[in-house]
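One-letter residues, chain by chain:
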Amino acid sequence: SSFRAASIHQQQHQRECRLIVTTSPRFWDADNRSSQYGVFSSCSAHLPPVDDNGNDDATSKNDTPSSTADDAGNDNGAITNIDASSPPSALNIPFQRSKQNKNKNTTSSSEIPSSFDARAQAKLKALATAKVDAEVSKHAYLELVGSANNNTIDEATIALHDEWKKSEEQLSHAYSQAIKYTSRILKNPKATQTAENLLLEWMDRFTHSFDDETDGTPSDTTYMNKKRMIRTINKIVPRLNESSMSKTEVANNNNDEKVLPKIHIPPPTEKDYLNVLRAYSISKAKRKGQQCEALLSNMLEVAKTAAFYYSQEDRSWTDDRVHDVGMEMIEHNGVGGEGERRWKGWVTESIPKSKAFSIAIKCYAGTTQTESLERILLLNNIHDEFAKCCVPYIHGVYSDDPYVLFHSIKSLKNFQIDQERELGSKWMQKLHKFVTSHENIGYLANKTEPADNNDEEGEEGIVKSTGQTTIDVTSAYTTVIRLLAKLRGTKGVAHDARNILDQMHNVQTINEHGFKVEGGFENEPIASIDIRSNAYNLVLGLYRDSKDEKDSMKAVNLLQKMVDAGNKPLSERGGVPVPNEQSFEYAILALSHMIDRDKATQVAELLLTLMEGQ
């Protein structure tokens, strides 16, 4: 009887502690933790641990919690009258919070996030299926070949080989589609990370399909190595242009029935790389510029792996590599039945082009990192070396590419720094020369990519108007004028800004009439521009702050040009905008620098009359 009384007393003590813990939230701190002092600490110490499913160790998952006296006499003093199915709001106990955190961490990485749209989820599911099919086809072929007692190839072996080859091609297409649709999901860091992981997985699968001697895709690097990048591209391009075996020898080797070609999954194409790079550019990641550099380095390593493996002049070349799917001849642009080796297309697609460099520069231009300008200069230098080596052998790499120059100009922040002002002048001269040169008329001929609607101002996008495709360079010119306008009062700044404004009209003239050639004009412009009144007002503001008397009349003449444009039809204005109140204000204030006060007064009254008539 004394033992039973002690058990009942212990049960009553546990119930009292249970009641205090769950009904007195004032004894819990802001982080939902119990007090470390007194009875509350001792009560929480007797709480049983929780398994993965949130159940107490003292209670089985299938058992119903009981509050009878028979279930309360355990040796550890475990509380058995807690209903684990109750919501956390009803049971304010600390281990409920850890249960939620544990569930988050134990979520399988292979599950498709619900935040992805329906298309992305469908493509990811199709990719998972394609992976299984490729492994099954590969295993079936290798199992049949390994079980064969001789080297003869029958129809069953050929059929399994073809099935494996098709499954690898389908897997490549599935990777491409999954990357395409996951990278287009906006404001979702997990989607961007998923696209990046899929691309790296694809690249790794391709590089490791070669001999074990290949290094494969390198791990993520901190920054690009300029010397290694330049040295590698100078080794790759000669291998693309080296002489190869005769067509007769190739045909004999490809038609050899005793050896089936070695199979590799096709590597990512240029569009796949650009999809991930664009996802970087529109993301809010702090180190997206560094991620772009790492991807550019890995792209070149993929090109290097294929170029070195298939090069007949490489020291590791063996004759059995002739029987490889990469050595097959495919049609080159479908012209005259001419062809090239498949591996050359793989290498060309993986070499970073001017567009890839421009997106990497754009990622740095949108950040506030202290070393951003330094990295942009490095990317420009590497791109210039690529252009020297690749032009005209690799399509898509251009000297003084307008996209590279465009985003480089947009990265400038302060012309009070002499280096930035010199770079702005240098890059603007190159950009203007490129878009106004007739020799670059075919730059956009093969551009098939859509306009980049994700840009903040749409300036980088390829604009299609009146059936023509052009590059909108408005923001680049206005950026330079705006930075010059911050140097008010500096000698020569107004003159430099006016030159940029005149260059804008030069681009507008070419866009409207075309390039001037012998016998007329060739209307295939490269760039388009939208000249607005803010560009004129910035120049007028510099004339206002200039202490040169000559700038006073230049301001009046510039304003008169805007007034005359307002009296013409829109098609005859030549891109000149109409003035606003600010335009007249700046022009009138610029008259304060005139020595002849009477003349300044007369001109000011004339301008006031014109302003009232607008």
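Sequence order sets the numbering: in each chain, residues are counted from 1 along the sequence as written. Since the coordinates come from a predicted model, pLDDT governs what is reported: local features require at least 70, and pairs of side-chain atoms require 80 or more to be given and counted, while whole-chain, interface and lining totals use all residues. Side-chain calculation: all heavy atoms of the structure are included, whereas hydrogens and water are not.

### Re the overall build of the protein
Numbering of helices and strands runs from the N terminus, with a helix taken as a DSSP run of H or I at least four residues long and a strand as a DSSP run of E at least two residues long. Per the secondary structure count, the protein includes 21 helices and 7 strands. The proportion of buried residues among the 614 residues of the protein is 44%. Every residue pair with non-hydrogen atoms within 4.5 Å of one another is taken to be in contact. For the protein, the proportion of contacts with a sequence separation of at least 24, taken over those separated by at least 6, is 71%. As displayed, the protein has an accessible area near 33,400 Å², and 48% of this comes from carbon and sulfur atoms. Burial status follows relative accessibility: with a 1.4 Å probe on protein chains alone, a residue under 20% of its type maximum counts as buried, one over 50% as exposed, and anything between as partly exposed. Working definition of accessibility: Shrake-Rupley area with a 1.4 Å probe, residue cover restricted to the visible protein chains.

### Considering the packing of aromatic side chains
Here the aromatic set is Phe, Tyr and Trp, taking the six-membered ring for Trp, and pairing holds for ring centres within 6.5 Å; pairs whose planes are under 30 degrees apart are stacked, those over 60 apart are edge-to-face, and all others are tilted. Under the defined criterion, the tally for this structure stands at 13 aromatic pairs. Geometrically, the ring pair formed by Tyr398 and Tyr443 is edge-to-face, given 4.7 Å between the ring centres and 70 degrees between the ring planes. Highlighted residues: Tyr398 in the loop between α13 (372-390) and α14 (402-410) and Tyr443 in the loop between α15 (418-435) and β3 (462-465), separated in sequence by 45 residues. One aromatic cluster in this structure is built from Phe206, Phe210, Tyr309, Tyr310, Trp343 and Trp346. Across the ring face of Tyr309, the terminal group of Arg321 is positioned such that the distance to the ring centre comes to 4.1 Å. Two thresholds decide whether a charge sits over a ring: the Lys NZ or Arg CZ must be within 6 Å of the ring centre and within 35 degrees of the ring normal. Note that Lys355 overlies the ring of Tyr403, its terminal NZ or CZ placed 3.9 Å from the centroid.

### Some remarks on the nonpolar core
Throughout, nonpolar core names a set of buried Ala, Val, Leu, Ile, Met, Phe, Trp, Tyr and Cys residues whose side chains join them through atoms within 4.5 Å. Ranked by size, the top nonpolar core spans 123 residues in total, and within it Leu295, Val347, Ile351, Phe386 and Tyr477 carry the most contacts. Broken down by element, the residue count for this core peaks at 11 residues, all from helix α10 (residues 288-310). Those residues in contact with Val347, other than ones at most four positions away along the chain, are Ile236, Leu240, Ala303, Ala306 and Ala307. With 11 residues, the next largest nonpolar core counts Val556, Ala600, Ala604 and Leu607 among its residues.

### Considering the confidence of the model for the protein
Confidence of the predictor at the level of single residues is captured by pLDDT, which takes values from 0 to 100. When pLDDT is averaged across the protein, the result is 78; 71% of the residues are at 70 or more. In the model, residues 17-109 has pLDDT below 50 throughout and makes 77 contacts with residues more than four positions away in sequence or in other chains. Throughout residues 448-459 the model reports pLDDT below 50, and contacts reaching past four residues in sequence, or to other chains, amount to 22 contacts.

### Considerations on a positive patch on the surface
A surface patch of like charges, here positive, comprises Lys227, Arg228, Arg231, Lys235 and Arg315. Mapped onto the fold, Arg228 is located in helix α7 (residues 226-241). With a relative accessible area of 35%, Arg228 lands in the partly exposed category. Like charges are joined within 9 Å and nonpolar side chains (Val, Leu, Ile, Met, Phe, Trp, Tyr) within 5 Å, but only among residues with over 30% relative accessible area and no salt bridge; these make up the patches. We define a salt bridge as a side-chain nitrogen of Lys or Arg found within 4 Å of a carboxyl oxygen belonging to Asp or Glu. Counting rule for charge: Lys and Arg are taken as positive, Asp and Glu as negative, and neither His nor the chain ends is counted. A single reference atom marks each charge: NZ on Lys, CZ on Arg, CG on Asp, CD on Glu.

### Section: the side chain of Ser183
Counting through the fold element by element, Ser183 comes out in helix α5 (residues 155-183). The exposure class assigned to Ser183 is buried, which follows from its relative accessible area of 5%. Separated by 2.7 Å, the side chain of Ser183 and the backbone oxygen of Ile179 make a polar contact. Engagement of the side chain of Ser183 in a polar contact is seen with the backbone oxygen of Lys180, the distance being 3.0 Å. Those residues in contact with Ser183 that sit more than four places away from it in its chain are Ala195, Asn275 and Ala279. Pairs of N or O atoms within 3.5 Å make up the polar contacts considered here, provided that, within protein, one atom can donate a hydrogen while the other can accept it, and that residues adjacent in sequence are counted only when both atoms are side-chain atoms.

### A look at helix α6 (residues 189-207)
Multiplying 1.5 Å by the helix residue count minus one yields the expected span of that helix. Here α6 contains 19 residues, and its C-alpha end-to-end distance of 27 Å stays within 8% of the 27 Å for a straight helix at 1.5 Å per residue. As for α6, its buried residues are in contact with α4 (118-147), α5, α9 (270-282), α10 and α11 (342-350).

### Considerations on the pattern of salt bridges
Tallied over the full model, the rule gives 15 salt bridges. Here Arg532 and Asp530 are joined by a salt bridge, their closest N and O atoms 2.9 Å apart. A relative accessible area of 53% places Arg532 in the exposed class. The closest approach of N and O atoms between Lys554 and Asp551, which form a salt bridge, is 3.9 Å. Of this pair, Lys554 and Asp551 both sit in helix α19 (residues 550-566), separated by 3 residues, roughly a single helical turn. Owing to a relative accessible area of 36%, Lys554 belongs among the partly exposed residues under this scheme. Here Asp551 falls in the buried class, since its relative accessible area comes to 8%. Here the residues in one salt-bridge network are Glu135, Glu168 and Arg205, joined through shared partners.

### Observations regarding the packing of α5 against α6
With their axes 8 Å apart at the nearest point, α5 and α6 run at an angle of 160 degrees to one another. With respect to α6, the element α5 is oriented roughly antiparallel. Where α5 crosses over α6, the handedness of that crossing is left-handed. Within the contact between the two elements, α5 uses Glu168, Leu171, Ser172, Tyr175, Ser176, Ala178, Ile179, Thr182 and Ser183 and α6 uses Ala191, Ala195, Leu198, Leu199, Glu201, Trp202 and Arg205. Residue composition of the contact of α5 with α6, grouped by class: 9 nonpolar, 4 polar and 3 charged. Where helices are involved, their axes are fitted lines through C-alpha atoms of the stretch in contact, as for all axes, and angles between N-to-C directions lie from 0 to 180°. For classification purposes, angles smaller than 35 degrees are called roughly parallel, those larger than 145 roughly antiparallel, those between 65 and 115 roughly perpendicular, and all remaining angles oblique. Helix crossings are classified by the rotation of the near helix relative to the far one: an anticlockwise turn of less than a right angle makes the crossing left-handed, while a clockwise turn makes it right-handed. Asp, Glu, Lys and Arg are counted as charged, while Ala, Val, Leu, Ile, Met, Phe, Trp, Tyr, Cys and Pro are counted as nonpolar; the rest, among them Gly, fall into the polar class.

### Observations concerning unusual backbone geometry
The peptide bond linking Val391 to Pro392 adopts the cis configuration, its omega dihedral lying at 5 degrees. With respect to the secondary-structure elements, Pro392 resides in the loop between α13 and α14. Positive phi values are uncommon outside glycine, yet Lys187 reaches one of about 55 degrees. Here Lys187 is to be found in the loop between α5 and α6.

### Thoughts on the side chain of Thr305
Looking at the element boundaries, Thr305 is found in helix α10. Here Thr305 falls in the buried class, since its relative accessible area comes to 10%. At a separation of 2.8 Å, a polar atom in the side chain of Thr305 contacts the main-chain carbonyl oxygen of Glu301.

### What to know about a negative patch on the surface
On the surface, a cluster of negative charge is contributed by Asp548, Glu549, Asp596 and Asp598. Its place among the elements puts Asp548 in the loop between α18 (533-545) and α19. Owing to a relative accessible area of 36%, Asp548 belongs among the partly exposed residues under this scheme.

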